Amino acid sequence: MKSMRGGFGEMLVELGKKNPDIVVLTADLADSTRVKEFAEAFPNRFFQVGVAEQALVTVAAGMAGAGKIPFITSYAVFSPGRTFEQIKVTAALSDLPVKIVGSHAGFGASMYGATHQSLEDIALMRVIPNMVVVSPCDYEEAKKATFAVAENGKPSYLRLARQDSPIITDENSKFEIGKAVILRESKDPQVAIIGCGPVLAEALAAADQLKDIGIEVMVINNHTIKPIDDIAITNAARICGAIVTVEEHQVMGGLGSTVAEVVTQGHIVPMEFVGVKDVFGESAKNYQELWKKFGLTKENITEAVKKVITRKNS
Amino acid sequence: MEIDINNLESISGRVRRNILEMVYKAGSGHPGGSLSAVEIMVALYFGILEDRDRFFLSNGHICPALYSVMAEKGLIDKNLLASYTELGSSLQGHPEKTKLKGIENTSGPLGLGLAQAAGFAAIKKGSYIYCMTSDGEHDEGNHWEAVNFAAKYKLSNLIQIVDKNGIQIEGTVEEIMPLGSLKEKYLASDWNVFEIDGHNFDEIFDSTSKARDKKGKPSVILANTVFGKGISFMESNPDWHAKAPNGDEFRKAMEELK
Ligand SMILES: Cc1ncc(C[n+]2csc(CCOP(=O)(O)OP(=O)(O)O)c2C)c(N)n1
């Protein structure tokens, strides 16, 4: 288990050493978004805006206009949650390289309840033209995603979890924005499980369970929600003939919807969706309790796979 | 209303112990701001709020204080306190209107409470609407939009109480985002302004009473408080913004509250 936020914070310091244009802003959450180290290493390139997310985005847009690459951090519920129009107009419509980093996404802020659990941020960000939307799955991928969005010259959203999460990728794993990665292949897969974020660990566990009962699946890490890798998704649909999507987010407008848009315009196959189904979160001791309650566990994924196979064969 | 200050002081002591117990048991919560707001909330629930009045809590992270006061007042079952932040509990980590009767506004995300209180006050002219806010929230634009609204519509039935403990998450208000003079800002925005010691019951009752008598303008009571009040090692130390005590710290804190 390792922290995605930690990976982000470490890479930010690396980037800071290499690129003097990187600046970091936060809204009274430097510690929980892991930018304290950057602030200490580069005090002149760090800005504390206070509890003021709207200023966080718009001040950063001003700095980007002046040639900087701002990384702006808060909990995802507050930014991009509170700052949609600011992002749309001052960052995206102006096509400025503001990097919105939303931490504690999904159920990570478990004890804090619905107000602090971000289950809508992917949907919000993916509907904005020009935006790049990345949801890495673990520590190493968070590092690579941070590096990649620093370099891409675009307004970008980076989605991070609060909790330490299982290690899925390593230093040598490939990462390219917009290119989905096959995590698990098999000779004759009956279903493609397409997911993003730390919940992919559940998808891999489900794949193991399914293999034990003779069901082969393919697992795809779809870390970039926008631009979506329609070639990889269409290929998976062709090869497997059925798809299950998995996300720690509302299915509506999230990865599930995104994949369905690709599938219905390309190679049409039956789909099942594992994710939050149009309900709010709530307080719990930890995110695992909430994954269970809201249906995001390996058991739920296994069930979805069985269901989609029945539909495919009927 | 006949008010016995000694009684309010013993209630405040129990509320402080409840807060510590809740946060300790949950392993989560915001003790610093909860402890600074105790006397204000006790005064509101045990001597200020009349039947038609309403209380809006804007800085919802200090809900352990609110839940404890509601329990002491008999508005919720005391046994519920132990379920704070647990799956299925009506005592969410941040208060939710649809989950617990008596919660006027869902809060936690900062800067949104005053506007809701102002909207309510603009409609319910015959009652007093009290809204607690924090100093950290004064960083938020939405808060100041409500300040303008309340002045424009002369909401003299709106009484804001600022828990001015001088601390936010990562340090003092002065370090994170200096606010200048809140008093001057509110005066310039056409509000009545009172400044009090937020742990002194006489001053809380006196200022709220005067605020109710003022006509034509909303009122704000800038209540100077001590972050973490009552626990020596928490007082004025930002580390205790959102940290649960460990076993030793909990015992030490409870000892100090005896
Ligand atoms: C919109 C929003 N942004 C960020 C946060 C995270 N947050 C929770 S409490 C807090 C500090 C606010 O300061 P204050 O209310 O004065 O805190 P206290 O006195 O309890 O220390 C912050 C930034 C939040 N709850 N809402």
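Given the structure is predicted, the values throughout are model-derived calculations rather than measurements.

Caption draft 1: Looking closely at the overall build of chain B. Looking only at helices and strands, one finds 10 helices and 5 strands in chain B. Taking 2.2 N^0.38 as the reference for a compact globule, 258 residues should give roughly 18 Å; the C-alpha atoms of chain B span a radius of gyration of 17 Å, in line with that estimate. Classification of the 258 residues of chain B by burial places 58% in the buried group. Nonlocal contacts in chain B, meaning residues at least 24 apart in sequence, comprise 75% of its contacts between residues at least 6 apart. As displayed, chain B has an accessible area near 10200 Å², and 48% of this comes from carbon and sulfur atoms. Taking the average place of the 28 positive charges on the side chains of chain B and the average place of its 36 negative ones, the gap between the two points comes to 6 Å.

Caption draft 2: Spotlight on the pattern of salt bridges. Within this structure, the stated rule accounts for 25 salt bridges over all chains. Lys 306 of chain A is the partner of Glu 303 of chain A in a salt bridge, and the nearest nitrogen-oxygen pair spans 3.9 Å. A residue pair is termed a helical-turn pair when its members lie 3 or 4 positions apart in one helix, as Glu 303 of chain A and Lys 306 of chain A do in helix α11 (residues 298–313) at 3 residues. Take Glu 303 of chain A: its relative accessible area is 47%, and that puts it in the partly exposed class. Lys 99 of chain B is the salt-bridge partner of Glu 96 of chain B, the closest N and O atoms lying 3.6 Å from each other. Each member of the salt-bridge network shares a partner with another, and the members are Glu 272, Lys 307 and Arg 311 of chain A.

Caption draft 3: Looking closely at the packing of aromatic side chains. Residue and element names in this part refer to chain B. As enumerated under the stated definition, the model contains 14 aromatic pairs over all chains in all. For the pair Tyr 24 and Phe 250, a centre-to-centre distance of 4.0 Å together with 5 degrees between the ring planes defines the contact as stacked. With Tyr 24 in helix α1 (residues 5–26) and Phe 250 in helix α10 (residues 247–256), this pair connects stretches of sequence that are 226 residues apart. For Phe 250, a relative accessible area of 13% corresponds to the buried category. Ring geometry for Tyr 67 and Tyr 84: centres 6.2 Å apart, planes at 65 degrees, overall edge-to-face. Remark: Tyr 84 occurs in the loop between α4 (63–73) and α5 (113–123) and Tyr 67 occurs in helix α4; sequence separation between them is 17 residues. Per residue, the accessibility class of Tyr 67 equals that of Tyr 84, and both read buried.

Caption draft 4: View of the confidence of the model for chain A. Here chain A averages 98 in pLDDT, while 100% of its residues score no lower than 70. Summarising per-element confidence for chain A, the mean pLDDT is lowest in strand β8 (residues 164–165) of chain A (96) and highest in strand β7 (residues 156–159) of chain A (99).

Caption draft 5: Highlighting the site of the ligand. Around the ligand sit 21 residues, and of these Glu 53 of chain A together with His 61, Ser 134, Asn 165 and His 241 of chain B come closest. At the site occupied by the ligand, the surrounding residues belong to chains A and B. Between the ligand and Gly 108 of chain B there is a distance of 2.9 Å, counted from a nitrogen atom to a backbone nitrogen or oxygen. At 2.9 Å from an oxygen atom of the ligand is found a side-chain nitrogen or oxygen belonging to His 241 of chain B. Its free accessible area being 590 Å², the ligand has 98% of it covered by the protein chains.

Caption draft 6: Local environment of the packing of α1 of chain B against helix α3 (residues 38–48) of chain B. Residues and elements named next belong to chain B. Following both chains from N to C, one finds α1 and α3 inclined at 120 degrees, their axes separated by 10 Å at the closest point. As summarised for this structure, α1 and α3 are arranged oblique, according to the angle between their axes. Between α1 and α3 lies a crossing whose hand is right-handed. Across the interface between the two elements, Leu 8, Ile 11, Ser 12, Val 15, Arg 16 and Ile 19 of α1 pack against Val 38, Glu 39, Val 42 and Phe 46 of α3.

Caption draft 7: Main features of the packing of α1 of chain B against α4 of chain B. All names here are of chain B. Taken N-terminus to C-terminus, the directions of α1 and α4 make an angle of 130 degrees; their axes are 9 Å apart at the nearest point. Of the possible angle classes, the one that applies to α1 and α4 is oblique. Considering how the two elements wind past one another, α1 and α4 form a crossing that is right-handed. Contact with α1, carried on its side by Ile 11, Arg 14, Val 15, Asn 18, Ile 19, Met 22 and Val 23, involves Pro 64, Ala 65, Tyr 67, Ser 68, Val 69 and Glu 72 of α4 and no other residues of that element. Partitioning the contact of α1 with α4 into residue classes produces 9 nonpolar, 2 polar and 2 charged.

Criteria and cut-off values
Residues numbered from 1 in each chain as written. Chains lettered and ligands numbered in written order. Predicted model: local features only at pLDDT ≥ 70, side-chain atom pairs only at ≥ 80, totals over all residues. Heavy atoms only, no water. Helix = DSSP H or I, 4+ residues; strand = E, 2+ residues; numbered from the N terminus. Rg over C-alpha atoms; globule rule 2.2 N^0.38 Å. Buried < 20%, exposed > 50% of the residue type's maximum accessible area, 1.4 Å probe, protein only. Contact = heavy atoms within 4.5 Å. Areas by Shrake-Rupley, 256 points an atom, 1.4 Å probe, with all protein chains shown as cover. Lys, Arg positive; Asp, Glu negative; His and termini not counted. Charge placed at Lys NZ, Arg CZ, Asp CG, Glu CD. Salt bridge = Lys/Arg side-chain N within 4 Å of Asp/Glu carboxyl O. Phe/Tyr/Trp six-rings, centres within 6.5 Å; stacked < 30°, edge-to-face > 60°. pLDDT = per-residue confidence, 0-100. Near = heavy atom within 4 Å. Polar contact = N/O pair within 3.5 Å; in protein donor to acceptor, adjacent residues only side chain to side chain. Axes fitted to C-alpha atoms, helices over the stretch in contact; angles between N-to-C directions. Parallel < 35°, antiparallel > 145°, perpendicular 65-115°, else oblique. Left-handed = near helix turned anticlockwise from the far one by under 90°. Nonpolar A, V, L, I, M, F, W, Y, C, P; charged D, E, K, R; others polar.

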